[in-house]
Amino acid sequence: MSEADDKKAEIDRALSALCESFPARFLGAETEQALRDENAKILGKKGELSAILKELGRVAPEARKAIGEAANAVKAKVEAGFEARLRELAMRKRDAELNARPFDLTLPARVPLPRGHRHPISIVREELVQIFRSMGFAVFDGPDIDTEENNFGKLGYPPDHPATDMQDTFYTDKGHLLRSHTSNIQIRAMSTMKPPFAFIAPGTVFRRDDDMTHSPMFHQLEAFLVDEHVTLAHLRGVLSEFAARLFGDGTPVRLRPSYFPFVEPGAEVDLGCPFCKDEKTGKRLGCGVCKHTGFIEIMGCGMIHPTVFEACGIDPEKYSGFALGLGLERTAMVRYGIPNLRMMFENDPRFLSQF
Amino acid sequence: MLASYNWLKELCPGLTLSASEVADKLTGAGIEVEGQKPYGAPDECIVVKVVAMRPHPTKSGLRLVTVDTGAAQQEIVCGAPNVPEPGGLVVLAPLGTHLPAKNMTIGKRDIGGIPSEGMLCSDSELGLSEESDGIIILDQGKRGQRVTEVVPNDVIFEIGLTPNRPDGLGHIGLARELAALVGIHWKPPFVVETEGRDTIELLGVKVTIEDGVRCPIYAAAGAINVKIGPSPAWARYRLESLGVRAISNVVDVTNLVMLETGHPMHAFDYDHVQDAHIIVRRARETDAMKTLDGVTRELSEDDLLICDGRGPVALAGVMGGADSEIGDDTTRVLFECAYFDARGVRRTARRHGLHTESSHRFERGVDWDDHAYVLARAVDLTSRLSPGTKPLAGHIVVHGEPLSRKVIRLRHAKIRGLLGVDVPMAEALATLTRLGCVVTSSSAGNATEADVEAPSHRPDLLREVDLIEEVIRVRGIDTVPAELPAVRPTRDVGGREAAFSRVREAAVSLGLSEAVTFAFTTKESLTKLHAPAPSVTLKNPLSELQAVMRTSMLAGLIDAFGNARRHGERSARLFTVGNTYEARNNSSELREAADNLPVETARFAALLAGDAPAYLKKPRPVDVWDALGIAEEMVLRVTGTRADLRRDTSFAHLHPRGSAAIYVHDTLVGRVGPLHPDVLEAFDLGTDVMVVELDVMPLARAQAVRCVPLPRFPRNTRDIALVVSDDVPAGLVLSGVKKAAGDLCEEVSLFDRFTGDSIPKDHASLAFRVVYRSKDKTLTDAEVDAVHTRVISEVNAAYGAKLRA
Ligand SMILES: [Zn+2]
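Here the structure is a predicted model, which means the values were calculated and not measured.

Trainee: Explain the overall build of chain B to me, using residue names and the numbers behind them.
Mentor: Within chain B one finds 21 helices and 41 strands. For chain B, the spread of C-alpha atoms along the three principal axes comes to 130 × 85 × 60 Å. Buried positions account for 53% of the 805 residues belonging to chain B. Residue pairs at least 24 apart in sequence account for 68% of intrachain contacts in chain B once pairs closer than 6 positions are excluded. Between the centroid of the 92 positive side chains of chain B and the centroid of its 109 negative side chains there is a distance of 5 Å.

Trainee: Quick rundown of the overall build of chain A? Include the residues and the values.
Mentor: A tally of helices and strands in chain A yields twelve helices and nine strands. A compact globule built from 355 residues would reach a C-alpha radius of gyration of about 20 Å, whereas chain A, at 43 Å, exceeds it by more than 25%. Seen through its C-alpha atoms, chain A measures out along the principal axes to roughly 135 × 50 × 45 Å. Looking at chain A residue by residue over its 355 residues, the buried ones come to 52%. Partitioning the contacts of chain A with sequence separation of at least 6, the portion at a separation of at least 24 is 67%. When the accessible surface of chain A is totalled, it reaches about 16300 Å², and 54% of it is carbon and sulfur. A gap of 7 Å separates the mean positions of the 46 positive and 51 negative side-chain charges of chain A.

Trainee: An account of the nonpolar core is needed here, citing residue identities and associated values.
Mentor: Membership of the largest hydrophobic core comes to 119 residues, with the highest contact counts inside it found for Phe 132, Phe 242 and Leu 324 of chain A together with Leu 410 and Leu 675 of chain B. Take this core: its biggest share by element is nine residues, from helix α8 (residues 232-247) of chain A.

Trainee: Help me get a handle on the sheet that holds strand β13 (residues 154-160) of chain B, residues and values and all.
Mentor: All names here are of chain B. Ordered in space as β1-β13-β2, the three strands form an open sheet in which the pairing is antiparallel. The sheet is open, and its two borders are formed by β1 (2-4) and β2 (32-39), each paired with just one other strand. Direction aside, neighbouring strands of the sheet carry axes that sit 30° apart on average. Here seven bridges tie β2 to β13, and the two strands are oriented antiparallel to one another. Across the sheet, Gln 36 pairs through a bridge with Phe 157, a residue of β13. Its contacts with the sheet place helix α2 (residues 19-28) against β2 and β13, and it is angled at close to 165° to β2.

Trainee: Could you give me a rundown of the packing of aromatic side chains, with the residues and numbers involved?
Mentor: The final tally for this structure, using the stated rule, is 20 aromatic pairs over all chains. A centroid spacing of 5.6 Å and a plane angle of 65° characterise the contact between Phe 206 of chain A and Phe 520 of chain B, whose relative ring orientation is edge-to-face. On the criterion of chain membership, the pair formed by Phe 206 of chain A in strand β4 (residues 197-206) and Phe 520 of chain B in strand β30 (residues 520-521) is interchain, its members lying in two chains. Residues Phe 206 of chain A and Phe 520 of chain B agree in their burial class; the two are buried. The ring of Tyr 663 of chain B has Arg 646 of chain B lying over it, and the distance from NZ or CZ to the ring centre is 3.8 Å. Directly above the ring of Phe 751 of chain B sits Arg 769 of chain B, whose terminal nitrogen or CZ lies 4.6 Å from the centroid.

Trainee: Go over helix α5 (residues 233-241) of chain B with me, naming the residues and quoting the values.
Mentor: Counting buried positions along α5 of chain B gives seven out of nine residues, so the element sits mostly inside the fold. By the burial criterion, the buried members of α5 of chain B are Ala 233, Ala 235, Tyr 237, Arg 238, Leu 239, Glu 240 and Ser 241 of chain B.

Trainee: I'd like a rundown of the pairing of strand β6 (residues 253-258) of chain A, residues and numbers included.
Mentor: Side chains on a regular strand alternate between the two faces of the sheet. Buried residues dominate β6 of chain A, accounting for five of its six residues. Hairpin connection from β6 of chain A to strand β7 (residues 263-272) of chain A: four residues lie between these consecutive antiparallel strands.

Trainee: How would you sum up the interface of chain A and chain B? Please name residues and give values.
Mentor: Tallying the contact residues gives 99 residues for chain A and 92 residues for chain B. Buried surface at the junction of chain A and chain B, summed over both partners, amounts to about 8000 Å²; 57% is from carbon and sulfur atoms. Inspection of the region where chain A meets chain B yields ten salt bridges. Among the ionic pairs, Asp 227 of chain A bridges to Arg 488 of chain B, the shortest N-O distance being 2.9 Å. At the junction of chain A with chain B, the criterion picks out 47 residue pairs in polar contact (both at pLDDT 80 or more). Examining the composition of the side of chain A that touches chain B, we find that eight residues originate from one element, α8 of chain A, more than from any other. Residues belonging to the side of chain A that touches chain B are distributed by class as follows: 47 nonpolar, 23 polar and 29 charged.

Trainee: Quick rundown of the coordination of the zinc ion? Include the residues and the values.
Mentor: All names here are of chain A. Coordination of the zinc ion by the protein involves Cys 273 (SG), Cys 276 (SG), Cys 287 (SG) and Cys 290 (SG), with metal-donor separations of 2.2 to 2.3 Å. Around the zinc ion, the four donor atoms sit at angles spanning 106 to 113°, and that spread fits a shape best called tetrahedral. Going along the chain, you hit the donors of the zinc ion in the pattern C-x2-C-x10-C-x2-C. In this pair, Cys 273 sits in the loop between β7 and β8 (295-304) while Cys 287 sits in the loop between β7 and β8, placing the two residues 14 residues apart along the sequence.

Trainee: Go over the packing of helix α5 (residues 120-134) of chain A against helix α13 (residues 496-509) of chain B with me, naming the residues and quoting the values.
Mentor: Between α5 of chain A and α13 of chain B, the shortest axis-to-axis distance is 12 Å and the interhelical angle comes to 130°. As far as their axial angle goes, α13 of chain B and α5 of chain A are oblique. The two elements α5 of chain A and α13 of chain B cross, and the hand of that crossing is left-handed. Taking contact as the criterion, the partners of Ser 122, Arg 125, Glu 126, Val 129 and Arg 133 of chain A in α5 of chain A are, on α13 of chain B, Glu 497, Ala 498, Ser 501 and Arg 504 of chain B. Residues belonging to the contact of α5 of chain A with α13 of chain B are distributed by class as follows: two nonpolar, two polar and five charged.

Trainee: Now, about the sheet that holds β7 of chain A: what can you tell me, with residues and values included?
Mentor: Residues and elements named next belong to chain A. The strand order across the open sheet built from seven strands is β1-β4-β5-β9-β8-β7-β6, with neighbouring strands paired in mixed fashion. With partners counted over all chains shown, the strands left at the sheet margins are β1 (138-139) and β6, one partner each. Here β7 runs beside β8; their pairing, made up of eight bridges, is antiparallel. Residue pairing for β8: Gly 266 is matched across the bridge by Gly 302. Across the sheet, helix α7 (residues 184-192) lies against β4, β5 (217-227), β8 and β9 (320-327), angled at about 35° from β5, the strand it touches most.

Trainee: Tell me about the pattern of salt bridges, and please be specific about residues and values.
Mentor: Going through the model one piece at a time under the given rule, you end up with 83 salt bridges over all chains. A salt bridge links Glu 10 of chain A to Lys 7 of chain A, with the nearest nitrogen and oxygen atoms 3.2 Å apart. Placement of the pair is Glu 10 of chain A and Lys 7 of chain A together in helix α1 (residues 3-28), with a separation of three residues, close to one helical turn. What makes Glu 10 of chain A partly exposed here is its relative accessible area of 39%. According to the relative accessible area criterion, Lys 7 of chain A is buried, its value standing at 9%. Across the pair Arg 238 of chain B and Glu 10 of chain B runs a salt bridge, and its minimum N-O distance is 2.9 Å. Of the two residues, Arg 238 of chain B sits in helix α5 while Glu 10 of chain B sits in helix α1 (residues 5-11), which places them 228 residues apart along the sequence. The class of Arg 238 of chain B is buried, set by a relative accessible area of 14%. Three or more residues are tied together by salt bridges with common partners; here these are Arg 165, Asp 167, Glu 177, Arg 458, Asp 460, Glu 470 and Arg 473 of chain B.

Trainee: Mind laying out the environment of Val 503 of chain B, listing which residues take part and the relevant values?
Mentor: All names here are of chain B. Its location among the elements puts Val 503 in helix α13. Residue classification places Val 503 among the buried positions, given a relative accessible area of 1%. With residues near it in sequence (within four places) discarded, Val 503 still touches Val 577, Phe 604, Met 634, Val 638 and Val 696.

Trainee: Run through the pairing of strand β23 (residues 333-339) of chain B, naming residues and quoting values.
Mentor: All names here are of chain B. Counting buried residues along β23, seven of its seven residues qualify, which places the element largely inside the surrounding structure. Of the two faces of β23, the one carrying Val 333, Phe 335, Cys 337 and Tyr 339 and the one carrying Leu 334, Glu 336 and Ala 338 are both buried. Bridge analysis of strand β15 (residues 217-224) against β23 gives seven bridges, and the strand direction is antiparallel. Counted as the bridge partner of Ala 223 is Val 333 from β23. Across four bridges, strand β16 (residues 266-269) lies against β23 in antiparallel orientation. Considered in β23, the bridge of Phe 268 is made with Leu 334.

What counts as what
Residues numbered from 1 in each chain as written. Chains lettered and ligands numbered in written order. Predicted model: local features only at pLDDT ≥ 70, side-chain atom pairs only at ≥ 80, totals over all residues. Heavy atoms only, no water. Helix = DSSP H or I, 4+ residues; strand = E, 2+ residues; numbered from the N terminus. Buried < 20%, exposed > 50% of the residue type's maximum accessible area, 1.4 Å probe, protein only. Contact = heavy atoms within 4.5 Å. Lys, Arg positive; Asp, Glu negative; His and termini not counted. Charge placed at Lys NZ, Arg CZ, Asp CG, Glu CD. Rg over C-alpha atoms; globule rule 2.2 N^0.38 Å. Areas by Shrake-Rupley, 256 points an atom, 1.4 Å probe, with all protein chains shown as cover. Core = buried A, V, L, I, M, F, W, Y, C linked by side-chain atoms within 4.5 Å. Pairing = 2+ DSSP bridges. Axes fitted to C-alpha atoms, helices over the stretch in contact; angles between N-to-C directions. Phe/Tyr/Trp six-rings, centres within 6.5 Å; stacked < 30°, edge-to-face > 60°. Lys NZ or Arg CZ within 6 Å of the ring centre and 35° of its normal. Buried area = accessible area lost by both parts, 1.4 Å probe. Salt bridge = Lys/Arg side-chain N within 4 Å of Asp/Glu carboxyl O. Polar contact = N/O pair within 3.5 Å; in protein donor to acceptor, adjacent residues only side chain to side chain. Nonpolar A, V, L, I, M, F, W, Y, C, P; charged D, E, K, R; others polar. Donors = N, O, S within 2.8 Å, 3.2 Å for Na, K, Ca; no water. Tetrahedral: all angles 85-135°; square planar, octahedral: opposite > 155°, others 65-115°. Parallel < 35°, antiparallel > 145°, perpendicular 65-115°, else oblique. Left-handed = near helix turned anticlockwise from the far one by under 90°.

Laid out in structure tokens, this is it:
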């Protein structure tokens, strides 16, 4: 035997020894890292396979090809073994992970940033604005502090008339007043614009009343439409549509005559109670919210008085219109079952966080 | 207004509706019945006859009364002073009777060793009157009879009248209304004719009206040989049932007539009317008078007085004077029925802080043409309530400025035009007629127009629309069909509502909760906050706590936080939106606003205190950077534009170390920072509080987002940690890095700040991430390295920033 032959035999032996030993070594690796380390020991640049093949130069040239092929076969086997063991370890890890103790889902959720809470008055306000916007009304802004003329005079409140008792008013040192209703906005719109128009005016209003059921500051929303040929039937149409959008399809609307100096005829509006409706018959069964009447008193309305038109320079023979108004606090109380008005101005976090 | 169901039935003989049906009818027509309650004695009470009486053996003041119930005799312990002699009829509440008025049930009692099974009752114990002096003594009834058969049983309506319907303040007005609604007839009570007897001339009274505008009509009638005494039971019960105290027959007459007709009247003791002369005039400086309530009144020249030859005897339409009051010895009575100008009565009543049954009615406008009936009725009732009275026939009447009935043209086309409902003209005119209107001209049948005369009892009927309302009111306003109008589109005016809505949305998304805060506050709060001094002050605040209009939103938020702390809440994340108010003072502002209304500025404010939200670890207190975050994100979320925060120590209410001004596109829109320690102390807050204040409208006007094209080449990122002295703000280093990095630098961000360990004292390690990118090509590492090296040397030169080892 030549030395070259010996070398070849030695390499063959080493290759077959490697081929036989690696599965056990891989099997002995319990972690991915250990497996990779083991793999690198065998196949790495300075690994065992490279060490074996270093001697290749001393093998007869004609035998080198065969050894090369054998080495490649071993390498392929090792690689396959590595991959298989790797998969096995991954699978084992996966199974272990899947079967480990479940997460404690009773720990509090980690909310990215807890959201805040809109005040119920604002929720109702934005909802009502949205309802009227979708019916074609736009918003007309106006000041909280206005003239007596806009708040009372042009609305047809006669001076020294008991009608003004209904609204005990705050006055400022400059002779203005804190508006006692959002009706000053109709005056502002009608005094500055030509009909037709359809506006809503949500806003803050003030009255000198402070007890369990009154707050000196509260909120109203007024809607008014002025055009040719506007009738009471149109007002009722808008009220019905409004009721349907606020409390659901088919909510009944009931009108009762009432008095507001700036409308004629004027009426109170009752909407069918949404809380005691029998879903089958649509009948209202009566509940605490509606005081067992099946109706909720929620707003006032009427046809704009010709005196108001005249005061604003609009010809009442050509134009007619309606106005309606409602209290946002009252609407919020009904909607959310808020038991008393004062809660809405105390800003108690335990209250606010409910909305 | 309280109204009696029985009385309405007397006035409307054809009425078959139950009390509840009447209530529904009236409410449906705008005369709102807010409640109804039964009036009468409890069912169990019976009439008993006094048989014997003896003093209580041990208790002085009590007596043992033996009564006959018809079925048996029993002894009752009674403390009343007025137990009648044997034979008298009284009321017994037997054992087990519930007396709602006293909220008690009669039980077996033992009084001073004597058992008592039942109670002899007074009017007030039975709920028949507010107060009473002793037990009821009946003038009719049989032993054992139910008391409800002897004393009246009624249903009392509580009516909430709108101020335009003074006619509803009397039963005749309500009866007229009810009759029109139901379609039946009503009739006034029968009045005894007084003709052919002694007349009012006998008294020789003279009436002078000096102010005919304030007193257009003054009429009077009289009665003599009157004997003052209590009214009979029916009259007393009627008054008491309607919440009016029965006083004496003549006073009761004026009250009964007022409750019947709605017209307040006054009764004078004619013998106290000096010089037999009634003068209606305005008050003079020298006048003074004591009103019935015992108050001496200082009079204003605007007060209208009823005077006699000596001086004032009544505040016209408001209250009588003490001097000419009906007394026990009055024998000659003069009744006044006048019409006073409503506004004048209201001014006088308000000036004197009086609100009487009389002023309430005159202020709303009484019937100005019913004096003949009113006076005749009063005289008639006097002779019934005071037997032996000699009624004087007729009345005298003196006129001031003439009043007339308004004639209103009603057009059929207008009814349809206003209501959207076709009401036949015949129906409209019939309705108006039933309400007391008189159709003065109309081509009968298919008339398209008519002239309608409004009655004197309906001062609210002034124009055509008022008549149309009557027509639909009686027909039923609820019968109007629903019809959707074609709404022609309109644009928003102002834009505040939309802006507030966006601000709320942003604030809530940032974890803030909304507080609704009052627009008024105290001057002190604003001073403590170094806010502008209030320039809009309330003339008539409810309390000093709400005396001025706010110039800062913070006062309300601090109150809200105070409330939260009282409930044990340590942390707060609150916001509020609303207006602040400042008077215009410079002349250009004044010129701009002809009405000189204050400037209202839409504002947002947020307050952070206590702990920042944390997840399962020890929370950290909120700090200025939380506030900066709110400020930046609010601006970004509302406008889509980045805010520019600039350190600014000029805000006196903010902590000088941490306050910044907030700019958007170089417009100052707000400020942010911790409250100044002095402010915390002034409000006794005891914890750090961060605030953010923003003007809403500039935010709403800020420009919206502009889209830029996406980059085409990859970025190349380098991190760099620099050790910098704490004297150098991080933002300055960041902008230095950015500047040094030049055009290739797309973005620089600070991602870590580290102190301690190997970092020298008063220094911090700031780690920046620099993103390099070219618009034209993919940058090579070498190109980026070159720039980055320059960056390091430049910030070192500029800020002494050293690369962290
Ligand atoms: Zn209900």
